[in-house]
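# An overview of the molecular structure
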Amino acid sequence: MSCAWAQDVQTATLANGMKVIIQEDHNIPNVAMYFFYRIGSRNERPGITGISHFFEHMMFNGAKKYGPKQFDNEMEKAGGNNNANTGQDLTTYTDWFPSTALELMFDMEADRIRDLAIDPKMVQSEREVVYSERRSSVDNNNFGILREQLEAAAFTAHPYHWPVLGWPSDIEAWTQQDLKDYFAIGYAPNNCTMVVVGDVTAAGVMELAKKYIEPIPAHEPPPPVRTKEPEQLGERRLVVKKAAQLPIQMIAYHVPEAKNPDATVLDVISTLLSSGQSSRLYKRMIDEEPLALSVNGGQGDSLDPTIMIFTIQPRNGVDPARTEKVFYEELDRLKSAPVPERELQKAKNQMLSLHYARLETIAGRASLLGHFDAIFGDYRKTFTHDKDFQAVTAADIQRVAKRYFTEKNRTVATLIPEGK
Amino acid sequence: MRAALLMFSMALAFGQAKLPPYSKDVLPNGAQLFLLPRAGVPLVHFEVLIRGGVESDPADKAGLASITAALLRRGTAKRSAEQFVEELDYLGGSFNAGFFGAYPSATTITAQFLSKDFDAGLDLLADATLHPSFTETEARKILARSVDQMKAAKDNPQASIGNYFRAEYFGKTHPYGVPPDEASYQRMSREDIAAYHAKYYCGRNMLIVVTGDFDAAQAKAKLAKAFGAAPAGEAFSWVKTSAPARAGRVLLIDKPDATQTYFQIAQPGINIKSPDRTALELVNTLFGGRFTSMLNDELRVNSGLTYGAGSRVDQDRLPGAIVISTYTKTDTTIKAIDLALDVLKRFHDNGITAAQLASAKAYVKGLYPTQSLETMSQQARLVGQIELNGLGRDEADGLFARIDGVTLEKANETIRNYYQTGDLTMVILGAGDKIRDQVKKYDPHLREVSVKTPGWAVR
C-alpha cells in the first residue's frame, strides 16, 4: 500500500514478554494507547461466566499506588479519557490522552497490571453496576435478549455458548477467590500487546515501557481452551416471547475462525448481502418487497470457530416465516449462480473504503494494529488485509455458501411479541 | 525524566491545535462554498447543509425534512434508485442525508469517496441533492417504513425516552417539541416532499464544505459548475424564539415489561451563541459530563444504582435544556431519582473548587483535537457549524483562550444561575404499576401515557 500513514510501525518485545507496537503520528497532539489482553469469556467456565467482563470493570477500581477512583480522576485531570471492552476472545483497554500525559498513563497502567487491589466493597458495588449494564443491553433490549438465546442454542459445548456479560446467577455469585484466581491467569504482561499511536517518539515510548512495564514479572498465560464445538447435526429452532411491537429474527450458521481463509470469503459475502442499499438483502427484503425494516449479517474475527448471524426485523404484520423463506432464497442464489464480476468488485470496493476510513484516526489504527496482532498474530495484516479480500473469486463464494449455509448447520431464533 | 519533559515543553510551546485554514466563496446563485484540502488519507469528504432543519418541518408533518433527505438517493432525473445506489456502492462511497443531533438547524448531506473518484462522487452528490425525482412509489415505500420504525422505537426505552422528553419539555407549539410519529408520516404525501425540496434546496439556502485530499483549484471549478445549477431561491427565515412548555411537570410513560426505570430531569439552558456557553460546558463536565462527574460518581461508582448517569447541555440555535439522564432497576427508582436531585442541590449550593475547575479545563482541552479536528468529517462538520451559525473561526481557534478566561467566580455564578432545584421537568419511563404511586411524590398531578399509545405526547 502506498500511503504514508501505513508505514513506520515499530515493534519490540519487553523482557517480560509484552509486545509493544508503536506508530508515530504528529497530526494532532494526542495519543491512543491500547492494551490487548488475550483473555475473554472463552477462558471462563460455568459458575464464573461474565468474570472477564467484570474484571474489566474492576481494573478501574484501584491498585497499589493509585487507589479507588484515582485512575479516572488522574487521567481526566490530565486531559484524557478511557474505555474498555470485553469480548469472547479479548479484553481491551483503550486510553486517549494528550501527549503530555504519556508518563502518567504508563505509571497507572503498570500499577494496575502489577498490583490490582480487589477491594470487597468495590466488588459488591461493581456487581450492581454490571447487573445494570446487563439489564440495559439484554433484559430491556429485544435484540440483546434474542442474541443471547441464539448463541446459547448454537453452541452446546464451546464457551461461546455463554454471554460475555455472564448469566445473572453467576454475576450474583462469584467470590473474592474467583476474582483473585482469574486475575492471576489473565493479566500477565506476556499475555498482552500494547499499542501506542500518535504524538510520541518510538524511543520515548520504549524508554517508558522499560521503566514501568518491563519490571513486572511474566507468569503462566491462561490454559488453552480445549473444548471444540461438535458438528451440528440438524437445524435448531427457538422462540423468545416478550412484550414488543415488532418481532425479530436471527439466523446463524457455524463458520470457521478468522485465520481460516474461508472467513475472508464470508466477509465478502456479508458485504454482498447486506452492506449498502444496493446489497442483495436490502434490495429484496426492504426495497422491492415490504418485508423487513432492517436486515444485516456478519461474523466477527474470532480465535475459535464461530457463528455468522443474520438479523432481520420483519415489518409490522409480516409473518417471520415469510422473511425466513425469502432470506433462504437469497442464500440459495449465492450457491446456484456465480456472483457477476461487477457486483463482486463493488463489494471489494466497499470493503476497501471501510478499511481506509478505519485507518484515518489514531484510535482506529491502534485498534486495528492490536486486533490483527491478537487475532492473527501479525499486526502487519493491518496493511495487507485488503489483498486477502481482493483475491476472493466468484467460485470461492459459491463454494463457501454451499459449504456453510445448510439447513443442518443453522440455528433460527425468533422473538415473538407476547399477546399478539 | 528527560524525554517526557522535552515533550511537555514542546506541547506548551505549540499550544492549541488549530483548525487548518479554509477558503470561502459564494457562487452566483448564493450557495456558499468552503474548501479545506489536506494531503494524507486518499479520501475526499463533502458536507452540504440546507438551512431550516427541525424548524422547517410543518407543524402537522414532523419528519418532512428528514424524509426529503432520505429520498434524495432514491432516484434522480438521470438515474433510477437502483442505478444510484449501485454506482455509489461500486465506488465504495458513503452517502448519508438527514438530521445530525436532536435539534439541528439544517439538513446535513455527507458523502465520502476515494480521492481518485472525486468527479464521479461529486456527480452522484449533486445529482441527488439537486435533481431528485421523488417518485410516488419511493415516497410511499419510505413513509410506510417510517411508520413501522416508530413502532420499533417503542421497543427501545433508551431511544424512545428522548422523544417523550422532547414533546413534554418543549411542547407542541415549539419546533423542538414535535418529534415525528406514526401520524405525522401518514399525513405526508409525495407532493409535500417535492414542495419542500423545491423551496429549500436552493442556492441562497445552501452551504457546501469539502475536506480531505484534493486539489483546491480544480475542485472549486467543478463544485461551482455542479452546485451553480441550483436555482437561487430564498434563504430560510428562522422561526422566532419560542419558550418551552410550562415547567415543573412530571410525565410517566408506562412500559409494563420494563425491569428498569429510565428518567430525565430538565431545566432551561442556553442557545449556541450564549456568552455563558464555555463556562456552562466546563461546569457541566464536572456535574455530569464525564466518568468522574458528580452524577456518575454518586449514582454509579458510590452506590451501584446504574451503569451510567450524566447531564447534557443542549447547544442549538434556540435555547435548549440542561438534562440529567440515567436509569436504574425498578426497585431503586425513587432512591436514584432522589439521589440525582440531591446531587443537583449540592452542586447548586456548594459550587466547585479551583482544583475541580482546573481538571475540567484540562479535560475539555485534551479531548478537543480527537473530537473536532482529527478527521476530515470532523473538520467539515466544524466548518459547517461555524458558517451555519455565524460563529467565526474563533469558535475553534479561540477555544483554549475562552476556557482559560473562565474564572472560579464565573464558574460558580454559572452554576447558581443555571442549576436550579425547582420547577424541573421530569420524564420517567418504567413499569407503571410498580412505580406510579411512588413517583407521585414529585407531582401529585402526574400525567401518564402508555408506550402502546401511538405518538409521543399526552393527548
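Counting 135 residues, the largest nonpolar core has Tyr 164, Ile 208, Val 210, Leu 282, Val 283, Ala 340 and Ile 428 of chain B as its most contacted members. The residues touching Leu 282 of chain B, leaving out its near neighbours within four places in the chain, are Leu 357, Ala 360, Lys 361, Val 364, Ile 403, Val 406 and Ala 411 of chain B. The next biggest cluster of nonpolar side chains, apart from the first, holds 116 residues, and it includes Met 33, Trp 174, Ile 213 and Ile 309 of chain A.

A word on the interface of chain B and chain A. The interface of chain B with chain A comprises 58 residues on the first partner and 58 residues on the second. Every element with two or more residues in the side of chain B that touches chain A is listed here: helix H1 (2–14), helix H3 (81–90), helix H5 (136–154), helix H11 (294–302), strand S10 (321–329) and helix H13 (354–373) of chain B. Of the residues forming the side of chain B that touches chain A, the biggest block, nine residues, is contributed by H13 of chain B. Residues belonging to the side of chain B that touches chain A are distributed by class as follows: 29 nonpolar, 15 polar and 14 charged.

Glancing now at the sheet that holds strand S11 (residues 410–417) of chain A. Residues and elements named next belong to chain A. The strand order across the open sheet built from five strands is S7-S11-S8-S10-S9, with neighbouring strands paired in mixed fashion. Because the sheet does not close on itself, it has two edges, and the strands there are strand S7 (236–242) and strand S9 (292–298). The average angle at which neighbouring strand axes cross in this sheet is 15°, direction not considered.

With respect to the element layout, Thr 370 of chain B can be found in helix H13. A residue is classified by how many C-beta atoms lie within 10 Å of it, and Thr 370 of chain B, with 24 of them, is buried. Put simply, Thr 370 of chain B and Arg 416 of chain B are 46 residues apart on the chain and 31 Å apart in space, counted from C-alpha to C-alpha. Sequence-distant contacts of Thr 370 of chain B, defined by excluding residues within four places in its chain, comprise Ile 28, Asn 30 and Trp 96 of chain A.

Residue and element names in this part refer to chain B. Here six strands make up an open sheet; going across it, the order is S9-S10-S8-S11-S7-S12 and the pairing mixed. Edge positions in the sheet fall to strand S9 (309–313) and strand S12 (447–450), since each has one partner strand and no second. The average angle at which neighbouring strand axes cross in this sheet is 15°, direction not considered. Set on the sheet, helix H6 (residues 157–170) makes contact with strand S7 (250–254), strand S8 (260–268), S10 and strand S11 (425–430); between it and S11 the angle comes to about 150°. Contacts between helix H12 (residues 333–350) and the sheet are confined to S8, S9, S10 and S11, with S10 contributing the most and set at about 150° to the helix.

Residue and element names in this part refer to chain A. It is the contact of helix H9 (residues 261–274) with helix H12 (residues 341–358), at a shortest axis distance of 9 Å, that shows an interaxial angle of 105°. Judged by the angle between their axes, H9 and H12 are roughly perpendicular. On the side of H9, the interface is formed by Asp 267, Val 268, Thr 271 and Leu 272, while H12 contributes Glu 343, Ala 347, Lys 348, Gln 350 and Met 351.

Rules behind the numbers
- Residues numbered from 1 in each chain as written.
- Chains lettered and ligands numbered in written order.
- Predicted model: local features only at pLDDT ≥ 70, side-chain atom pairs only at ≥ 80, totals over all residues.
- Core = buried A, V, L, I, M, F, W, Y, C linked by C-beta atoms within 7 Å.
- Buried ≥ 20, exposed ≤ 12 C-beta atoms within 10 Å, placed from the backbone.
- Contact = placed C-beta atoms within 7 Å.
- Helix = DSSP H or I, 4+ residues; strand = E, 2+ residues; numbered from the N terminus.
- Nonpolar A, V, L, I, M, F, W, Y, C, P; charged D, E, K, R; others polar.
- Pairing = 2+ DSSP bridges.
- Axes fitted to C-alpha atoms, helices over the stretch in contact; angles between N-to-C directions.
- Parallel < 35°, antiparallel > 145°, perpendicular 65-115°, else oblique.

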